[in-house]
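# Structural features, examined
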Amino acid sequence: MPGLADCQSLLRLLIARGDPRAIPLAKGAIDQYLNTAPASLRGRGLRVLQRDALDQHGAAVGVQRSFAETVDAYIERKLAEE
C-alpha cells in the first residue's frame, strides 16, 4: 500500500518517544497516507496502522501509552469517516 510503511514507521517512532507535542505530526502522517492511498485501500491501511498502534500500546507505559491511545482514537475517527 502506498505510503503505508512510511506512515507506520513514523508512528512507531513517535509512539516510542511519546512526546505529546508530536501528536500533530502523527495526525499529519495519517492524513498524508489517506491523501495518497487509493480509496479502495484506505480502510485496510488504517486498520493496519490501528492494530500496530494497539500492539505498541500493550507494550508501552506512561506517555507512550497515552500517545498510542491518541493515535488509535484518531484512526478510529478516520475509519468512521471512510
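Residues numbered from 1 in each chain as written. Predicted model: local features only at pLDDT ≥ 70, side-chain atom pairs only at ≥ 80, totals over all residues. Heavy atoms only, no water.

## Remarks on helix 4 (residues 62–81)
Across its 20 residues, helix 4 extends 29 Å between first and last C-alpha, which sits within 8% of the 28 Å expected from 1.5 Å per residue. Every buried residue belonging to helix 4 is among Phe67, Ala68, Val71, Asp72, Tyr74, Ile75, Lys78 and Leu79, and all of these are buried. In an axial view of helix 4, the angular spread of the buried residues amounts to 165°, which keeps them on one side of the axis. Turned more than 90 degrees away from the buried face of helix 4, the exposed residues are Gly62, Ala80 and Glu81. In this structure, the buried side of helix 4 is in contact with helix 1 (4–17), helix 2 (23–36) and helix 3 (39–59). (Helix = DSSP H or I, 4+ residues; strand = E, 2+ residues; numbered from the N terminus. Expected span 1.5 Å × (residues − 1). Buried < 20%, exposed > 50% of the residue type's maximum accessible area, 1.4 Å probe, protein only. Arc of directions from axis to C-beta. Contact = heavy atoms within 4.5 Å.)

## A look at helix 1
The end-to-end C-alpha separation of helix 1 is 20 Å, in line with the 20 Å expected for 14 residues at 1.5 Å each. For helix 1, the complete set of buried residues consists of Leu4, Cys7, Gln8, Leu11, Leu14 and Ile15. All buried residues of helix 1 fall inside an arc of 130° around its axis, so they share one side. Opposite the buried face of helix 1, at more than 90 degrees from it, the exposed residues are Ala5, Asp6, Ala16 and Arg17.

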